[in-house]
Amino acid sequence: MLHALAVIAPSVTFAQHQNTISATLDGTNNTVEIKQVFVYKNSGDIGINTIYFNDWNHSYSSNKTALAKRFGEEFNKSLHLAKEKNRGRTEIVSIVDDEYNGLEWNRSRAADIIEVLLPKTLSPGNSVTLHLTYTLKLPNSRYTGYGHGYKGGYNLKDWYLTPAVFDKTWKLYSNKNLNDLNTDVTHTEISLRFPKDLHLATNYTTTSITDFSLGNHASLSGRERKSAQVFLTPKKRFTTHRTEAMTVTTDLEASKYDGISQGLSINRVLDFIKDRLGAYPHENLLVSEYDYNRNPLFGINQLPNFIRPYSEQFQFEMKLLKTALNHFVQETLFLDERKERWVNDAIVNYLLIAYVAEKYPNQKWAGKLSRLWGFRAYNLAQMDFNEQYYLLQMVSVRRNDHQALSTPNDSLTKWNQKIANRYKAGLGMSYLGEYIGSEKINEGIRSFYETFKLVPNVKAADLEELIKGKTDKDIDWFFKEYVGLRNNIDFKIKEVSKADGSITFTIKNKTGSKVPISLFGLQKDSVISKYWFRGIDSSSTFTIPDKGENRLVLNYDKKVPEVNQRDNWKSLNGFLSSNKKLQLRFFKDIENPYFNQIFYVPEFRFNVNNGLTAGISINNKTFIDRPFLFNIKPQYSSREEAVVGSAGLRFRYFFNEGKLNSVSYALGGGTSFFDINSRFTTITPSVSFTWRPEDFMANRRQFLLFRLRNVFRTIDESIKDQIDTEPDFSVFNARFGDIDNNIIHFKSWVVDAQLARDFSKLSFEWENRRLFDNNRQLNLRFYAGKFLFNDTGSDFFSFALDRPTDYLFDLNYLNRSQTASGITSQQFILAEGGFKSIFDERFGNDWIVTANASINIWQWIEVYGDIGGIRNRGEQARFFYDSGVRLNLVTDFFELYFPMYSTNGFEPSFNDYGERIRFVVTLSPKTLIGLFTRKWF
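Cut-offs applied
Residues numbered from 1 in each chain as written. Predicted model: local features only at pLDDT ≥ 70, side-chain atom pairs only at ≥ 80, totals over all residues. Heavy atoms only, no water. Helix = DSSP H or I, 4+ residues; strand = E, 2+ residues; numbered from the N terminus. Rg over C-alpha atoms; globule rule 2.2 N^0.38 Å. Buried < 20%, exposed > 50% of the residue type's maximum accessible area, 1.4 Å probe, protein only. Contact = heavy atoms within 4.5 Å. Areas by Shrake-Rupley, 256 points an atom, 1.4 Å probe, with all protein chains shown as cover. Expected span 1.5 Å × (residues − 1). Pairing = 2+ DSSP bridges. Salt bridge = Lys/Arg side-chain N within 4 Å of Asp/Glu carboxyl O.

In terms of helices and strands, the chain carries 12 helices and 47 strands. At 33 Å, the chain has a C-alpha radius of gyration in line with the 30 Å of a compact globule built from 937 residues. With respect to the principal axes defined by its C-alpha atoms, the chain has extents near 95 × 85 × 55 Å. Taken across its 937 residues, the chain has 56% of its residues classed as buried. Summarising the internal contacts of the chain: among those between residues at least 6 apart in sequence, 63% fall at separations of at least 24. Counting only carbon and sulfur atoms, one obtains 54% of the accessible surface of the chain, whose full area is about 40300 Å².

Structure follows, in structure tokens:
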């Protein structure tokens, strides 16, 4: 089974490397035999002794590559555990020069970078010819979509050896599944042999294709191009559309949108791109469903087709526009996408915003849903489609996870790399356009494209210089601050007064960002004046003519991506008119800066002590986080026929610089039942600090918590003899933790100190989970605790081998009663000693030391063992052990423990063995959602 490729390029002004590849694809073994002739021309100004090639196919070869590490950072262990038959690799047979002298080569710095040592220095302007013979073993497409198995065929991208970029220094970047290969430009001719019954689509020009008895042969050509993308599928998926603007080959799916209408939409979209950027310099633009799915329009667009609220025309055009723009820019503007990806993102997303504003000015983000009764009153329903860019990029800002646009592409968190930074770049270009004039930005982008298309090593500085030449205004703030820093933008208007036909007001810069801010004067809902102000370091006072405005609003059109828009307006009709009205909403909504929003959500919970509780959550939580939050949750206990619930408020302050990420101040309280007619109430003021590494890709976090836990108990007469402590007590608790949450190697340690009137104690907990190459996961845990003094005379505050009393009411027990029995008493929560077997003498009022371990023997089936000692004051230490089988279905969320042998004996032989089986279950929606969203941040 055959597949062959050849690339040859005549020399032009810039791209002068010539590449000829002859390749044969074996469809049985999924291998590609390649013979490649590469003519490398030194276009630099210094001699070189080494040439580097990108070999991204080899990034699938092991779990030690940068690609496998990236997967682990995103909580994806598929490549780490991949079977050898599913991996990809490149086997180099030989690399020789024109005289057929063997050249020394090695894999330098990374597995997917090849270093070729030249026999002599290659002077500037001279060329060297290399003959490379190698075999590709293609990876399974299940990992990134590239390789064999895609739609029953092949998706080949960044597969053969391509020259790395030399720009004063070598730009050597490993594959991290970011679609940002930085390869030098070549002239390419492709000769391709591949199995019969496969249909070919490519971004290169197909000069010929022939069907032979043993396979197909195709000749492809690419001038001034980077790597070729090739789809080979058993079903013909792609169709070619030739328009006056350009030719596009696409397989975008739109089953409910007929072919004639698709053709009209394609013309419409391509005409827009040509008008805004210029002519596409290549013969064919490849726009695939696969590439759209890698970089879709996030949001409601992710809903299944049958419930998407948009017209078929709008959906198809937005899919086509986004994917076409990405390829159009990527294949003609040769920037260093690893270092300056924001330029591409700014152009693409600015044009996406402009297209909707021009072609669909009334398009709502919720589409047809915006007209539904019961939903149409929501701010979310009335949100314009283009407002989603602000909303989605603000998600990371409100978490303090945002990163500067100038951050290298491989240093961005997944949310920022896929969504937030792309959208922020497009919003920034719109913001700049509002400030200097959108026509100047449009002209600047088109001039940039026309000037620098197909020019190697384009820089962001080229765009900066060109746009600065279009305006007399100082726009250094955009490139130095908006692009270069992660500072937030937030202004506030205050102290407004009217006198003698003028209006005087003060604008406060709450973050210190030296960027311009717009001010609008409104008469009712009509804009009658607009101004721009700059140079506001902290606070500045301005005076404008009185044109009959009754309200002043900063950033009324929301073109400035402010972190907070709730304090942007002032009424000129007196103090009372400035008060915001109350807006009640069911569930949640997006922020409306002109209202005080309160949300209400029914809540239902269950535990044995309260039974089924039903109530309502009253809060101010919008879809994106806010610095100040409150939540009041009154509920009714069906078992106790009484009111229970909780209330809390929190203010969080973020830091943009340094490792300290945030400080949170909180006050919380709650009341619930822990036994029959026995209630506990807690009141807890606290302050906490969180740190994260300056490398945002790291999953390490540190925290420091100080809290004063005040507990008040009302105890029923029937169980008073079971309670041997004072009902009310207070505990000062200080806790420091260091957690590195990585799916391959999890590490954490926590130190906890508690001080109360009758006791003081210290404890230390250490955990380590390691996933090995053979899919064995070893879990280790160590816990040690010591009372500094203990005058309680009770085991209520003692250390426990298993099932602590939880006197601080932190643990989510299904049954809190100290005499709990039945299935709920078998709940296991990993705390203190961490034993799974139940022992009669499990408490210690002096010290405890335990170790817990488990290792899987097949997939999620593990064996575990615990060992440790515990001591009461004035007594000998007691030592315990247990062992058994653990079904680790979802770690920390759903687990089962079957005790086997312990200090108690052989437990399966006991008549009550069914009552000794333990389980872990997590019912909290917030915790479960975190399991799926953790890879994004």
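The next thing to look at is helix α4 (residues 312-330). Given 3.6 residues to a turn, an α-helix orients residues that are three or four positions apart in the same direction. With 19 residues, α4 should cover 27 Å at 1.5 Å per step; its first-to-last C-alpha distance of 27 Å lies within 8% of that length. Taken across its 19 residues, α4 has 17 buried, putting it largely inside the fold.

What the four strands build is an open sheet, ordered β5-β6-β3-β10; its pairing is antiparallel. Two strands lie at the open edges of the sheet, namely β5 (105-107) and β10 (162-163), each paired on one side alone. Sheet analysis places strand β3 (residues 48-54) next to β10, joined by two bridges and oriented antiparallel. In the strand pairing of β10, F53 is matched with P163.

Moving on: the pattern of salt bridges. According to the stated counting rule, one finds 59 salt bridges in the structure shown. Across the salt bridge formed by R89 and E84, the nearest N and O atoms sit 2.6 Å from each other. Here E289 makes a salt bridge to K319, at a shortest N to O gap of 3.1 Å. Note that E289 is positioned in helix α3 (residues 289-294) and K319 in helix α4, a separation of 30 residues in sequence. Put simply, K176, D180, R338 and D410 are held in one network by salt bridges that share partners.

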